[in-house]
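Each chain, written out:
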Amino acid sequence: MTKLSVSKAWDESKQVIAHDGRLLVPVALAMFVLPGILVDLVVPEGTAGQLPPAGPWIAAASLAALVSLVGQLAVIRLAMGPHLTVGEALSHGARRLLPYLAAVLMWMLPFLVLGVILFGQIAADPAKPSPGAALAFLALVIVMTFVAVRLILTSSIASAEAIGPVAILGRSWALTKGNWWRLFGFFLAFMIGAIVLFWATESVFGMAANLVFGGTEANSVAWLLVRLVAQLLSALISVIFFVMLARIYRQLAGVGEAQPSVPSTGI
C-alpha cells in the first residue's frame, strides 16, 4: 500500500500543465468547451428544479457527454507521458471509451436507480416526508460517496491500462486502499475551490454583461458571452482535475506500473 502525497501530485500537475499546455488547450476547447456550448444552445429552458421536457436535446446532450468522456481520457493520457500528439491522445481516448463508460455505468446505475426511487417517495409528500425513505436516502448518499472515492481512479486506469470494465473497478479499489481520507480531502477541497471560483467568475461576468448589454436573455449575445466564459472556466477546472488524477494514479501505481499497457508509439 502506497501512501498518497497530494502535494507531490499537485507539483507534478503544475509541471505537466506548464510543459504540455499547448497540447491540453486544443483538447479542452474541442472536447469540453464546444460540446458544452452546444448543450447550452440546444437544451430548452425548463421550470426551476425540473428537467426540460423530452426532445432532440437529449441526443445532443448524450453526444456531448460522450465527447467529454473521450476528452477526459485524452487529457489523462497526455498527462501520463511519454509525450504524444493531440491526435494520438484523442484516438487513444476514443478506443478506451467503451470500457471506461461500462465501468462507470456498472457502479453508478444501481445508486442512481435507488436514489430516484427514494427521492420519489420523499417528494411525494415534501411537507411530511417518509422518515424511512429520508434515512435510506441519506445512507445511500454516504455509501455512494465512499464508493465514489474508492473508484475515483477509474478514468486514469481506463486510459493507462488495457483492461476491461470489471478489472478497471477492481484496480481502482485496490490502488485507493488506505488512502480514502486523503483522496476524499483532495476531492472535497478541489470541488469547493472550483465552485467558489466558478460562482465568482460567472457572477462578475454576468453583472458586466448586464451593464454593457442591458441583460442576459437566453440566446442573446450577452448570454452567449457569459456561457462561453463559463465553459472556458469549466474546461480549465476539468483539465486540472484530470491531470491531478493522472499524477495520483502514477504515484499510487508506481512509476514502473504506469506505462506497461501503453504502446511504445504513444498511441
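Before any of the text, the structure's been laid out above.
Residue position: Val149 is located in helix 5 (residues 131–150). The class for Val149 is buried, based on a relative accessible area of 4%. Between the C-alpha atoms of Val149 and Phe186, which are 37 residues apart in sequence, the distance is 10 Å. In this structure Val149 touches Thr176, Trp180, Leu183 and Phe184, once residues within four positions along its chain are discounted.

So, about a nonpolar patch on the surface. The grouping of Val25, Leu29, Leu211, Val212, Phe213, Val221, Leu225, Leu228 and Leu232 at the surface amounts to a nonpolar patch, some 860 Å² of accessible area in total. When residues of the nonpolar patch are traced back to their parent elements, those giving at least two are helix 1 (6–42), helix 8 (180–213) and helix 9 (221–253). Per element, the largest residue contribution to the nonpolar patch is four residues, and it comes from helix 9. Mapped onto the elements of the fold, Val221 is located in helix 9. Classification of Val221 as exposed rests on a relative accessible area of 57%.

Once that is clear, we can look at the packing of helix 4 (residues 97–123) against helix 5. Here helix 4 crosses helix 5 at 160°, and the two axes come no closer than 9 Å. Regarding the angle of helix 4 to helix 5, the classification is roughly antiparallel. The two elements helix 4 and helix 5 meet at a crossing, and its hand is left-handed. From helix 4, Trp107, Met108, Phe111, Leu114, Gly115, Leu118, Phe119, Gln121 and Ile122 reach across to helix 5, where they touch Ala133, Ala134, Ala136, Phe137, Leu140, Val143, Met144, Val147 and Ala148.

What counts as what
- Residues numbered from 1 in each chain as written.
- Predicted model: local features only at pLDDT ≥ 70, side-chain atom pairs only at ≥ 80, totals over all residues.
- Heavy atoms only, no water.
- Helix = DSSP H or I, 4+ residues; strand = E, 2+ residues; numbered from the N terminus.
- Buried < 20%, exposed > 50% of the residue type's maximum accessible area, 1.4 Å probe, protein only.
- Contact = heavy atoms within 4.5 Å.
- Patch = residues over 30% accessible without salt bridge, like charges linked within 9 Å, V, L, I, M, F, W, Y side chains within 5 Å.
- Areas by Shrake-Rupley, 256 points an atom, 1.4 Å probe, with all protein chains shown as cover.
- Salt bridge = Lys/Arg side-chain N within 4 Å of Asp/Glu carboxyl O.
- Axes fitted to C-alpha atoms, helices over the stretch in contact; angles between N-to-C directions.
- Parallel < 35°, antiparallel > 145°, perpendicular 65-115°, else oblique.
- Left-handed = near helix turned anticlockwise from the far one by under 90°.

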